[in-house]
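Residues per chain are reported as follows:
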Amino acid sequence: MVATAATSAFLSTAPLPSESAAKGNSTVGVGGRASLDPCGIRSSKSKGLSVKANAQATPKVNGTPVPGLSSGLEGKKNDEESGSSSFRSPRTFINQLPDWSMLLAAITTVFLAAEKQWMMLDWKPRRPDMLVDPFGMGRIIQDGLVFRQNFSIRSYEIGADRTASIETLMNHLQETALNHVKSAGLLGDGFGSTPEMYKRNLIWVVARMQVLVDRYPTWGDVVEVDTWVCQSGKNGMRRDWLVRDWNTGEILTRASSVWVMMNKETRKLSKMPDEVREEIGGYFLDKAPVLADDGRKLPKLDDGTAEYIRRGLTPRWSDLDVNQHVNNVKYIGWVLESAPAPIMETHELSSITIEYRRECGRHSVLQSLAAVSGASVGGLLDSGYVECQHLLRLEDGSEVLRGRTEWRPKHSKSFSSLGPILEPSA
């Protein structure tokens, strides 16, 4: 009997699955169709008996009604419903965000990889008195008088011989010269001009350049370039370079140049003003040239003495610098245009000497002349060193530069006749 009463009590309290069960005051008509009254309550218009949807029969035990049992079971049911709803978190902005743990894990992985690459850099100095320059930014050494910068040879800077070209080396020399002026705090608004030079519309132009190459670096090599300036005469400045292999310290290239001032507006050479001399005089290094001048005069070639002539050379827009004249490195490329192909195939350039006579602009048309001395082109395979004379001129015959190049058989290097190497103490 007790089991029967309990069963009937549970069955009587089960909610109806209709939508009206969610509304406490809705009624369902027995035998009729449900509808909404004016108050919005679903009801049934029928002549039959109307029963509330949430009505419950009073449980009985041994035929005797037990009112408290129904209220207790109903309270327990309400507690279970309220407990289940309390476990559901409300829908908020924070709950709708993605799982941040995956993002944090990805960020941590990136930082760990970057830290590993950073630690792989070679921070160990080659010498105890200075740090290695891994990023090639350059720095001042030797009491602020010598500038040093590292360069890595890129794949697009090598030629058919898988070594750096002479133009690549010349670009390194020019870059260190400008960075030296900038690091010393003497760079005005002009291209390599000091503040006092900028006030007077003066710029530097190279008058003479001499370069000796002992060995050309290859792809992936790191070269270390040192440069410094000295006084040259009353109105000139000499700049020297020394290029080493960064890993071994081997001397690769030596170069020396003489610079003079030119008025940017009139395009004529100018004397060095006293204000400019005082401005840059403190940066001059009292040292002998890294290369001794050979003293040989550069001959003038013409149509009768030149063996090879290349005509129709014109500068491109990219060949101009900010001073609106052709970059001095471009002239070297034009000089080599007239070099015989057999020399290029069997020999490599070991030295070059150039004397600049005139600048050329964007619309200039040039001719490159060359003459070979020391060996005939047909017997180059059996010859040793070869010397060539060069001249670069405009179409009207005006000289732009004179030059001399020396060539050695490939895979051969010997500079015993050049004398001792003069280099600054670091």
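Before reading further, recall that the structure is shown in the block above.
These figures come from a predicted structure and were not determined experimentally.

Undergrad: Can you help me understand the pattern of salt bridges in this one?
TA: When the charged atoms of two side chains with opposite charge come close together, those side chains can pair. A complete count under the given rule lists 24 salt bridges for this structure. A salt bridge links aspartate 303 to arginine 393, with the nearest nitrogen and oxygen atoms 2.5 Å apart. Of the two residues, aspartate 303 is situated in the loop between α6 (274-280) and β14 (308-313) and arginine 393 in strand β17 (residues 386-394); the sequence distance between them amounts to 90 residues. Given a relative accessible area of 48%, aspartate 303 falls into the partly exposed group. Owing to a relative accessible area of 12%, arginine 393 belongs among the buried residues under this scheme. One salt-bridge network, held together by shared partners, links Arg208, Asp293, Lys300, Glu355, Arg357, Glu399 and Arg402.

Undergrad: Where do I start with the packing of aromatic side chains in this structure?
TA: Given two aromatic rings, their pairing is described by the distance between the two centres and the angle made by the two planes. Taken as a whole, this structure holds 2 aromatic pairs when the rule is applied. Relative to tryptophan 334, the ring of tyrosine 331 has its centre 5.8 Å away and its plane inclined at 85°; by these criteria the two rings are edge-to-face. Placement of the pair is tyrosine 331 and tryptophan 334 together in helix α7 (residues 328-337), with a separation of 3 residues, close to one helical turn. Taking relative accessible area as the criterion, tyrosine 331 reaches 3% and is therefore assigned buried. An aromatic cluster is built from Tyr331, Trp334 and Tyr356, whose rings are joined through pairwise contacts.

Undergrad: Sorry if this is basic, but what is going on with a nonpolar patch on the surface here?
TA: A contiguous nonpolar surface patch, about 550 Å² in accessible area, is contributed by Trp100, Leu103, Leu104, Ile107 and Phe111. Relative to the elements of secondary structure, phenylalanine 111 occurs in helix α3 (residues 100-119). Look at phenylalanine 111 and you get exposed, because its relative accessible area is 60%.

Rules used throughout
- Residues numbered from 1 in each chain as written.
- Predicted model: local features only at pLDDT ≥ 70, side-chain atom pairs only at ≥ 80, totals over all residues.
- Heavy atoms only, no water.
- Salt bridge = Lys/Arg side-chain N within 4 Å of Asp/Glu carboxyl O.
- Helix = DSSP H or I, 4+ residues; strand = E, 2+ residues; numbered from the N terminus.
- Buried < 20%, exposed > 50% of the residue type's maximum accessible area, 1.4 Å probe, protein only.
- Phe/Tyr/Trp six-rings, centres within 6.5 Å; stacked < 30°, edge-to-face > 60°.
- Patch = residues over 30% accessible without salt bridge, like charges linked within 9 Å, V, L, I, M, F, W, Y side chains within 5 Å.
- Areas by Shrake-Rupley, 256 points an atom, 1.4 Å probe, with all protein chains shown as cover.

Just geometry here; none of it tells us what the structure is for.
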